[in-house]
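Chains, contacts and geometry: an overview
So the chains spell out like this:
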Amino acid sequence: MPDRAERMDDAGRRLDRVLVWLQADPAHAGLQQEAADLCYRLGRFGDARHWLTQQARSAPLSPAARSLDGLLLLRCGDAAAAIAIFQALLAQGTATPELHGNLGWALALAGRFDEAAEHALRAVEGGIAGAGPLHVRILHHQARLDEAIRAAEDALAHDPAQLPHYGILATLYLDRDEPDTAAAFARKVRAQAPDDADANTVLGVAALLGQRRDEADRFFRHALHHQPHSGRARAGRGLVGMLDGHLETAEDHFRLAVADMPAHAGIWHGLAWCQLLTGRTGQAHASLQAALALDRTLADTHGGLAVLAALSGRPDEAGACIRRALGLDPGCLSALLARGLLLRQSGHAAAAQQQLDGLMNQPLLPDGTTLQQALATHVLSTRARHHAAPRRR
């Protein structure tokens, strides 16, 4: 079976011939359609759009051409227009597995994952190449980790050569807090596809877990070079920036990451800690509220809100947030930090110091814990300076 490079070479040679034929018959709709298809396969999306436009001038676009128009709109970021085209084609009876796959992709990009899952599954059942990874990614976005892992592993059982599934499994196992398994899948992918963004991102996280920041940053940079809108890799660079104390750079990365993955609460947490560390409590509160709107069961969100309330002199609100956070996770570091702040404010300095010393002795992790430890160090020293200043006067 020819590899991707050979297929691209074949498509390039075919396009050269089609373009010669079009010189002899410039209005041939069939040749215009083929030129558009080949240009799309070769990644020459502007040329593909040109040939579709030429075809539309001489005759109404065929269903295949309209479907290609939808794919080009997706490449330009217009998911809504692409969805409209694909749904119109379905309504007209063009219900092919490929069309279901295209519609599933468009719906997923629009964040409509329930609908996307249905169409992606129809494409999988129709044997469309690439639909399997799409379906697994949609399940992942729906936080259906076990189903996603089963679907990917079932696909690999039928065809162990499906490299994309290994990369997806690496990310899935990372989200299931199994970093060693995730790294093993990532290394398998990277051995054959060194530029795979999922694999590089997972290996970057593994390097962070091993406190190898420079190595981690290299992996994240590599992932972003080949997939500029990888929210995970961008958030990884934000974590590295936090650890290195480059808060403004870290915040820039987290802002880009939430733009690419607005439904990932953990990235909103990272952005909030950057904002709080630089004294912008109002912005930090807004970021934590965005995380809360996504998932009210994350202890770190309530813990972060407790820290903000404690720093803003609202002890009752802080106490309520602390209780919610510790009810969800008795070891929630941000909630324990907030408790320490309240103890210090109420004059129980010895108890507060014992609480805070315990926090600082926790192991460093890149899942939110590191940010909270950095937050504890910076915020408490800042508050100590503020309290000391009037006495020095």
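Above this text is the structure in question.
My aim in this report is to walk through the structure given alongside it, one point at a time. (Residues numbered from 1 in each chain as written. Predicted model: local features only at pLDDT ≥ 70, side-chain atom pairs only at ≥ 80, totals over all residues. Heavy atoms only, no water.)

1. Focus: the overall build of the protein
Spelled out, the test is: By the criteria applied, helices consist of DSSP H or I runs no shorter than four residues and strands consist of E runs no shorter than two, each listed in order from the N terminus. Exposed residues in this analysis have more than 50% of their type's maximum accessible area, buried residues have under 20%, and partly exposed residues fall in between, with area computed by a 1.4 Å probe over protein chains only. Each accessible area is a Shrake-Rupley result for a 1.4 Å probe, and residues are judged covered by the shown protein chains and nothing else.
Scanning the protein for helices and strands turns up 22 helices and 0 strands. Across the 393 residues that make up the protein, the buried fraction comes to 46%. As displayed, the protein offers around 19,500 Å² of accessible surface, 53% of which is attributable to carbon and sulfur atoms.

2. Some details on the packing of helix H18 (residues 299-311) against helix H19 (residues 315-328)
Stated precisely, the cut-off is as follows: Fitting a line to C-alpha atoms yields each axis, with helices limited to the stretch in contact; the angle taken between N-to-C directions then spans 0 to 180 degrees. Angles are sorted into four bins: roughly parallel if under 35 degrees, roughly antiparallel if over 145, roughly perpendicular if 65 to 115, and oblique for all others. By definition, any crossing whose near helix is turned counterclockwise from its far helix by less than a right angle is left-handed, and any crossing with a clockwise turn is right-handed. In what follows, residue pairs with any heavy atoms lying within 4.5 Å of each other are defined as contacts. Side-chain classes follow a simple rule in which Ala, Val, Leu, Ile, Met, Phe, Trp, Tyr, Cys and Pro form the nonpolar group, Asp, Glu, Lys and Arg form the charged group, and the remainder, Gly included, forms the polar group.
Contact geometry for H18 and H19: axes closest at 8 Å, N-to-C directions at 160°. Between H18 and H19, the angle falls in the class roughly antiparallel. Handedness of the crossing formed by H18 with H19: left-handed. Across the interface between the two elements, Ala299, His302, Gly303, Leu305, Ala306, Ala309 and Ala310 of H18 pack against Glu317, Ala318, Cys321, Ile322, Arg324, Ala325 and Leu328 of H19. Here the residues of the contact of H18 with H19 are counted per class, giving 10 nonpolar, 2 polar and 2 charged.

3. Re the packing of aromatic side chains
In plain terms, the rule: When two rings of Phe, Tyr or Trp (its six-membered ring) have centres within 6.5 Å they constitute a pair, described as stacked for plane angles under 30 degrees, edge-to-face for angles over 60, and tilted for the intermediate range. Lysine and arginine charges are scored as sitting over a ring when NZ or CZ, respectively, is within 6 Å of the ring centre and within 35 degrees of the ring normal.
Going through the model one piece at a time under the given rule, you end up with 3 aromatic pairs. With a centroid separation of 5.3 Å and 55° between ring planes, the pair formed by Tyr40 and Phe45 is classed as tilted. Take Tyr40: its relative accessible area is 15%, and that puts it in the buried class. Note on Phe45: relative accessible area 29%, which makes it partly exposed. A ring pair is formed by Tyr173 and Phe185, whose centres lie 5.7 Å apart and whose planes are at 10°; its orientation type is stacked. Taken together, the residues Tyr173 in helix H10 (residues 163-175) and Phe185 in helix H11 (residues 179-192) connect sequence positions 12 residues apart. When its relative accessible area of 8% is taken as the criterion, Tyr173 is described as buried. By relative accessible area, which is 17% here, Phe185 ends up buried. Among the aromatic residues, ring-to-ring pairing joins Tyr166, Tyr173 and Phe185 into one connected group. Above the face of the Tyr166 ring, Lys188 is positioned so that its terminal group lies 5.1 Å from the ring centre.

4. Remarks on the pattern of salt bridges
Basically, it comes down to this: Salt bridges are defined as contacts in which a side-chain nitrogen from Lys or Arg sits within 4 Å of a carboxyl oxygen from Asp or Glu.
A full pass over the atoms with the stated rule returns 18 salt bridges. Across the pair Glu147 and Arg144 runs a salt bridge whose closest N-O atoms are separated by 2.8 Å. The salt bridge partner of Glu317 is Arg314, with a shortest N-O separation of 2.6 Å. Given the relative accessible area of 34%, Glu317 is considered partly exposed. Put simply, Asp146, Arg176 and Glu178 are held in one network by salt bridges that share partners.

5. Focus: helix H13 (residues 213-226)
Basically, it comes down to this: Multiplying 1.5 Å by the helix residue count minus one yields the expected span of that helix.
Compared with the 20 Å implied by 1.5 Å per residue over 14 residues, the 20 Å span of H13 between its first and last C-alpha is a close match. The inward-facing, buried residues of H13 contact H11, helix H12 (197-209) and helix H14 (231-244).

6. What to know about unusual backbone geometry
We note that Ala143 has phi near 65°; this positive angle belongs to a residue other than glycine. Under the relative-accessibility criterion, Ala143 is labelled exposed at 61%. Of note, the phi angle at Asp177 is positive, near 60°, even though the residue is not glycine. Note on placement: Asp177 falls in the loop between H10 and H11.

7. A short note on H12
This is how it is decided: Pairing of N or O atoms within 3.5 Å defines a polar contact, subject to two protein rules: one partner must be a possible hydrogen donor and the other a possible acceptor, and residues neighboring in sequence count only if both atoms are side-chain atoms.
For H12, built from 13 residues, the straight-helix expectation of 18 Å at 1.5 Å per residue is met to within 8% by its first-to-last C-alpha distance of 18 Å. Most of H12 is tucked away: 11 of the 13 residues are buried. Looking only at H12, the buried set comprises Ala197, Asp198, Ala199, Asn200, Thr201, Val202, Leu203, Gly204, Val205, Ala207 and Leu208. On its buried face, H12 sits against helix H8 (131-141), H10, H11, H13 and H14. Two or three places before Asp198, at the opening of H12, Asp196 has a side-chain oxygen 3.1 Å from that residue's backbone nitrogen. Once H12 finishes, Gln211 follows within two positions and takes phi at roughly 60°, a positive value.

8. A few points about the nonpolar core
As a reminder, the rule being used: As used in this record, nonpolar core signifies buried Ala, Val, Leu, Ile, Met, Phe, Trp, Tyr and Cys residues forming a set joined through side-chain atoms within 4.5 Å.
Counting 76 residues, the largest nonpolar core has Leu169, Leu172, Met242 and Phe254 as its most contacted members. Of all hydrophobic cores here, the second largest spans 37 residues; its members include Tyr40, Ala79, Leu90 and Phe113.

9. Comments concerning the environment of Pro179
Within the element layout of this structure, Pro179 appears in helix H11. Judged by relative accessible area, Pro179 falls into the partly exposed class, the value being 28%. Along the primary structure Pro179 and Leu203 are separated by 24 residues, whereas in three dimensions their C-alpha atoms are 9.2 Å apart. Ignoring any residue separated from it by four or fewer positions in sequence, one finds Pro179 in contact with Tyr173, Leu174 and Leu209.

10. Structural notes on the packing of helix H2 (residues 29-41) against helix H3 (residues 45-58)
Taken N-terminus to C-terminus, the directions of H2 and H3 make an angle of 160°; their axes are 7 Å apart at the nearest point. By the angle between their directions, the pair H2 and H3 is classed as roughly antiparallel. As for the relative orientation of H2 and H3, their crossing is left-handed in sense. Here H2 contributes Ala29, Gln32, Gln33, Ala35, Ala36, Cys39 and Tyr40 to the contact with H3, which in turn contributes Phe45, Asp47, Ala48, Trp51, Leu52, Gln54, Gln55 and Ser58. Of the residues assigned to the contact of H2 with H3, the class counts are 9 nonpolar, 5 polar and 1 charged.

None of this, on its own, says anything about what the molecule does.
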